[in-house]
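# Structure assessment
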Amino acid sequence: MELLHTDKKNNVLNAMINIIDRERKNIIKANQQDLDAFNKDDQALYDRLVVNEAKVDGMIQAIKEVRDQEDPVGATISDMTLDSGLQITNKTAPFGTIMIIYESRPDVTIEAAVLAFKANNKILLKGGKEAINSNLILEKCWHEALEENGLTKDWIRLLHLKREETQEFLRNPTEKIDLIVPRGGERLIKFVKDHASCAVLISGRGNNFLYVSKHADWEKAIKVIINAKTDKISGCNALDNVLIDKNISDYEAKVEELQKTLNHVGVSLVVDKKIGQILKDETQIPSEDTWYEEFLAMKLLVAEVDGLEEAIKMINKYSGGHSSSILTENNEEAATFMEQIDSAAVYHNASTRFTDGGQMGVGAELAISTDKLHHRGPLGLKQLVTNKYYVFGDGHVRV
């Protein structure tokens, strides 16, 4: 696609803000059709599907934030003149066409598209069938904003493909695709990785861990655990596992207090054998597979460890590489944990719920990448570009 001037892109976003605000009642009405047809047994997926006044306000705010950010295209990364006289400049450049595959969340139709568009990419959106009515009206809003500014609808397009058709499209795309970003559970991610014929940027599972050190402030630990687990169970940054150092003072009493506090706010526990000796009424871990689960529910795994080294080893073995936290008042211990844990975000005395573009100063995000290429962590506007080398000579030939 052609390179658009920043003003042109921002004019589209300004138009989109006005259109969404004008159409908010119709957007919520379309979303209600999706909600009425949805099986509410999957509470996390249902929560992600809901579009209300606050969600519409969030869509508008996301567009405003991206509009106000500096254009990421054409920024100089490096500029040098070699001894040969060649001038070599490395600049940011659009990917080209980005395909985004996601489940349930209609707000992704706004947030993903606005980021990719501001970075001068063409966007193919493949939303889930459970959000079809919501996504159709949001696509219509995008098309109105584009056409109002003299641009083709092809910049932002919703794909209407069944599972088998999506599989074939990934293997043999009918148009050039430069990057695919799947947003969803492990099944979706595996489906895309198994079938895609181009680069895939993984927005991986959560399965986040928190380690309570023997040097932890227990009141802080309780506060952080409750927030990380219950603030938003459908978030990929929600807490799934708590490891408690058995050497902490009043160990058994604190384990019982944690159980009581979590049960009081509606969190069910699954425990290892050692914690099970203290909390005899709780369900014990049925198999090792449980350690790899992202619960997306009011459920928490609690286990015992004997010190920092064991905690690090277990987290690096079982976690999804998303977010991990240590609760300790020992700064040296925290530094060791944060350096040795292999996660996109590591925390000291803080909730994993902060792994979010807006919370981490990135602004609106496309996803939380657990990949190490080309970016890890919140995938914001500045990360939706690649690079290009500009080489200037004067009849130079290589000898």
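For the structure itself, look to the data block above.
So, how was this worked out
- Residues numbered from 1 in each chain as written.
- Predicted model: local features only at pLDDT ≥ 70, side-chain atom pairs only at ≥ 80, totals over all residues.
- Heavy atoms only, no water.
- Helix = DSSP H or I, 4+ residues; strand = E, 2+ residues; numbered from the N terminus.
- Rg over C-alpha atoms; globule rule 2.2 N^0.38 Å.
- Buried < 20%, exposed > 50% of the residue type's maximum accessible area, 1.4 Å probe, protein only.
- Areas by Shrake-Rupley, 256 points an atom, 1.4 Å probe, with all protein chains shown as cover.
- Pairing = 2+ DSSP bridges.
- Axes fitted to C-alpha atoms, helices over the stretch in contact; angles between N-to-C directions.
- Core = buried A, V, L, I, M, F, W, Y, C linked by side-chain atoms within 4.5 Å.
- Contact = heavy atoms within 4.5 Å.
- Parallel < 35°, antiparallel > 145°, perpendicular 65-115°, else oblique.
- Left-handed = near helix turned anticlockwise from the far one by under 90°.
- Nonpolar A, V, L, I, M, F, W, Y, C, P; charged D, E, K, R; others polar.
- Polar contact = N/O pair within 3.5 Å; in protein donor to acceptor, adjacent residues only side chain to side chain.
- Lys, Arg positive; Asp, Glu negative; His and termini not counted.
- Salt bridge = Lys/Arg side-chain N within 4 Å of Asp/Glu carboxyl O.

Moving on to the overall build of the protein. Across its full length, the protein carries 13 helices and 16 strands. Compactness check: the protein gives a C-alpha radius of gyration of 24 Å against a globular reference of 21 Å for 399 residues, within 12% of the reference. Counting only C-alpha atoms, the protein reaches 75 × 65 × 35 Å along its principal axes. Burial analysis of the protein (399 residues in total) assigns 53% to the buried set. Summing over all exposed atoms, the protein offers an accessible surface of approximately 18900 Å²; the carbon and sulfur share of this is 46%.

What the three strands build is an open sheet, ordered β1-β2-β16; its pairing is antiparallel. Lying at the two open borders of the sheet, with one neighbouring strand each, are β1 (76-81) and β16 (385-392). Between one strand axis and the next, the sheet turns by 20° as a mean value, whatever way the strands run. As defined by bridge partners, β1 adjoins strand β2 (residues 87-94) across five bridges and the pair is classed as antiparallel. Directly across from Thr-76, in β2, lies its bridge partner Lys-91.

This part covers the nonpolar core. Ranked by size, the top nonpolar core spans 53 residues in total, and within it Ile-100, Phe-117, Trp-142 and Ile-156 carry the most contacts. Here the element with the most residues in this core is helix α5 (residues 107-118); it accounts for eight residues. Once you skip the residues sitting within four places of it in the chain, Ile-100 turns out to touch Val-108, Ala-112, Ile-123, Leu-124, Leu-125, Lys-126, Val-181 and Leu-366. Membership of the second largest hydrophobic core comes to 27 residues, among which are Val-242, Ile-248, Leu-262 and Val-271.

This part covers the environment of Lys-91. The topology assignment puts Lys-91 in strand β2. When its relative accessible area of 27% is taken as the criterion, Lys-91 is described as partly exposed. The spacing of Lys-91 and Glu-339 is 248 residues in sequence and 31 Å in space, taken between C-alpha atoms. Once residues within four sequence positions are removed from consideration, Lys-91 is found in contact with Gly-74, Ala-75, Thr-76, Ile-77, Thr-386, Asn-387, Lys-388 and Tyr-390.

Glancing now at the packing of helix α12 (residues 308-318) against helix α13 (residues 331-340). For any two helices packed against each other, the geometry is given by the interaxial angle and the distance between the axes. In the contact formed by α12 and α13, the axes pass within 10 Å of each other and the chain directions differ by 25°. Between α12 and α13, the angle falls in the class roughly parallel. Every pair of crossing elements has a handedness; the one defined by α12 and α13 is right-handed. Side by side, α12 and α13 meet where Leu-308, Ile-312, Ile-315 and Asn-316 of the first sit next to Glu-333, Thr-336, Phe-337 and Gln-340 of the second. When the residues that make up the contact of α12 with α13 are grouped by side-chain class, the tally is four nonpolar, three polar and one charged.

On to the environment of Asp-240, then. By the secondary structure assignment, Asp-240 is in strand β8 (residues 239-245). With a relative accessible area of 2%, Asp-240 lands in the buried category. As for Asp-240 and Ser-319, which are separated by 79 residues in sequence, their C-alpha atoms are 9.4 Å apart. Non-local contacts of Asp-240, meaning those with residues more than four positions away in its chain, are made with Gly-206, Asn-207, Asn-208, Lys-229, Glu-293, Glu-294, Phe-295, Leu-296, Leu-300 and Leu-301. Polar side-chain contacts of Asp-240 include one of 3.0 Å to the backbone nitrogen of Phe-295.

Read from one edge of the open sheet, seven strands run β10-β9-β11-β8-β7-β12-β13, paired in parallel fashion. Where the open sheet ends on each side, the last strands, each with one partner, are β10 (283-284) and β13 (345-348). Of the strand pairs in this sheet, strand β7 (residues 208-212) and strand β12 (residues 323-327) are connected by four bridges, and their pairing is parallel. Its bridge partner lying in β12, Phe-209 is registered against Ser-324.

Here Glu-333 shows up in helix α13. Of the side chains with opposite charge, Lys-214 comes closest to the buried, unpaired Glu-333, at an N-O distance of 6.9 Å. With near-sequence residues (within four places) excluded, Glu-333 lies in contact with Tyr-211, Ser-213, His-215, Leu-308, Ile-326 and Thr-328.

Our focus in this paragraph is unusual backbone geometry. Cis rather than trans, the peptide bond between Leu-373 and His-374 has omega equal to 0°. For His-374, the position within the fold is in the loop between β14 (367-369) and β15 (377-379). The backbone phi angle of Asp-250 is positive, close to 55°, even though this residue is not glycine. With respect to the element layout, Asp-250 can be found in the loop between β8 and α10 (251-264). One non-glycine residue with positive phi stands out, namely Leu-296, at about 50°. Within the secondary structure, Leu-296 is located in the loop between β10 and β11 (299-305).

Moving on, we get to the pattern of salt bridges. For the structure shown, the criterion picks out 19 salt bridges. Of the charged contacts in the structure, one is a salt bridge between Arg-24 and Asp-21, with a shortest N-O distance of 3.1 Å. When its relative accessible area of 13% is taken as the criterion, Arg-24 is described as buried. On the accessibility criterion, Asp-21 (43% relative accessible area) is partly exposed. Note that Arg-157 and Glu-175 form a salt bridge whose closest N and O atoms lie 2.6 Å from each other. Here Arg-157 is found in strand β5 (residues 156-158), whereas its partner Glu-175 is found in the loop between α7 (163-171) and β6 (179-183), with 18 residues between them in sequence.

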